[in-house]
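Secondary and tertiary structure notes
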Amino acid sequence: MGSETMKVSVIGLGTMGTALAKALLQKNFETFVWNRTHSKAAALSENGARAVSEITEAIRQSDVIVICVLNYEVVKEILFPFKSELQGKAIINLTNGTPAQATAVSEFAIEAGAEYLDGGIMAIPPMIGMPEAFILYSGSGKAFEKTQAVTTAFGTSQFMGTNAGTASLIDLALLSAMYGMFGGYLHSVALAKSGCISATDFIPVVTNWLHAMITVLPHFAAQIDAKDYKLGGVVSNLAMNVVSFENILEASKTQDLQTDLMQPIKDLLLQANNKGFGDDDISALIEVIKN
Ligand code: FVH
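Residues numbered from 1 in each chain as written. Predicted model: local features only at pLDDT ≥ 70, side-chain atom pairs only at ≥ 80, totals over all residues. Heavy atoms only, no water.

According to the stated counting rule, one finds 4 aromatic pairs in the structure shown. Ring plane angle 45° and centroid distance 5.7 Å describe the contact between Tyr-137 and Phe-144, whose orientation is recorded as tilted. Using a relative accessible area of 11% as the deciding quantity, one classes Phe-144 as buried. Taken together through their ring pairs, the aromatic side chains of Tyr-137, Phe-144 and Phe-159 make up a single cluster. (Phe/Tyr/Trp six-rings, centres within 6.5 Å; stacked < 30°, edge-to-face > 60°. Buried < 20%, exposed > 50% of the residue type's maximum accessible area, 1.4 Å probe, protein only.)

Of all hydrophobic cores here, the largest spans 33 residues; its most connected members are Leu-20, Val-66, Leu-94, Ile-128, Val-150 and Phe-154. For this core, the secondary-structure elements that each account for two or more residues are β1 (7–11), α1 (15–26), α2 (38–45), β4 (64–67), β6 (115–122), β7 (134–139), α6 (141–146) and α7 (148–154). Looking at which element gives the most residues to this core, the answer is α1, with 7 residues. Beyond its immediate sequence surroundings of up to four residues, Val-150 is in contact with Met-6, Val-8, Leu-24, Phe-29, Val-64, Val-66 and Ile-92. (Core = buried A, V, L, I, M, F, W, Y, C linked by side-chain atoms within 4.5 Å. Helix = DSSP H or I, 4+ residues; strand = E, 2+ residues; numbered from the N terminus. Contact = heavy atoms within 4.5 Å.)

The next point concerns the sheet that holds strand β8 (residues 156–159). The 8 strands are arranged β3-β2-β1-β4-β5-β6-β7-β8 in an open sheet whose pairing can be described as mixed. Unpaired on one side and paired on the other, β3 (50–51) and β8 mark the two borders of the sheet. Pairing between β4 and strand β5 (residues 90–93): 4 bridges, direction parallel. Looking at β5, one finds that Ile-65 is bridged to Ile-91. Along the sheet, helix α5 (residues 99–111) makes contact with β5 and β6, crossing β6 at roughly 150°. Against the sheet, helix α8 (residues 166–194) engages β6 and β7, with an angle of about 10° to β6. (Pairing = 2+ DSSP bridges. Axes fitted to C-alpha atoms, helices over the stretch in contact; angles between N-to-C directions.)

Remember, this is a structural readout, not a statement about activity or role.
Rendered as structure tokens:
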């Protein structure tokens, strides 16, 4: 179905929901919008959206329901009372949550006779509508096929399979990588600034370093998949990293910095060292993280 024939409702018009609705309007979808705070829906009328004041109306008007709200508690509050209205609809839930929450909403949708697609948005609102906006989906393959014009309007999509929880899992995995990098970066800036190097001057140094370290990840990935942390040759043995961490912690304390971000990594490295992974690459730390 093309954008000229498909009606889409967007439920939730926060920063992200508004960007999603605008992307649909740009592609000429007939777009219905509902938000708890009605003024946000009314504001989108200027862009051609059809603001509705009742959730039931948003559901009844369209074949495709996009929901993007604060969390899954809100998703349930909004959708669960209208189970009988959802028969035959395709639901695309782009709210951030856990795999278990995605699975629970998927089960509800299937019982209601709807097709359910769970999505993880790996982009910020200004990117929506551009190819750089990468969105992971999982759940109903039929819904993914049927709504391809909609998902393409949002950005670049990747279908991760029929387990509704997979998109959330990978979303959270990618966010973990991001928060780890942000946390490490912020600690590194605090150290640099304690030596009177401005955050701006530090940028080329730190970004060059992070780019270089990203190239080591495929080496670690091969070791992790093989459970052989010497595979391909050890580049950064774990025992040596424990010592580096002691230096980071000691210097940070001397510079009067909190070490709360870094201390847990040192503790995990020590655990791995004590378990006999000292001669292995630092990728062996995954054996401790896996519990
Ligand atoms: N913005 C971002 O950078 C990230 C990018 C990746 C994906 N996330 C996830 O998207 C979901 C929505 O995020 P958002 O940025 O739109 O969030 P807000 O601007 O804070 O809007 C929240 C919307 O949720 C509505 N809402 C909250 N509580 C209720 C409730 N009890 N009943 C009904 N609606 C509720 C809120 O309504 P209102 O306050 O305007 O009335 C907004 O529509 C989120 O999962 C991110 O993790 C965004």
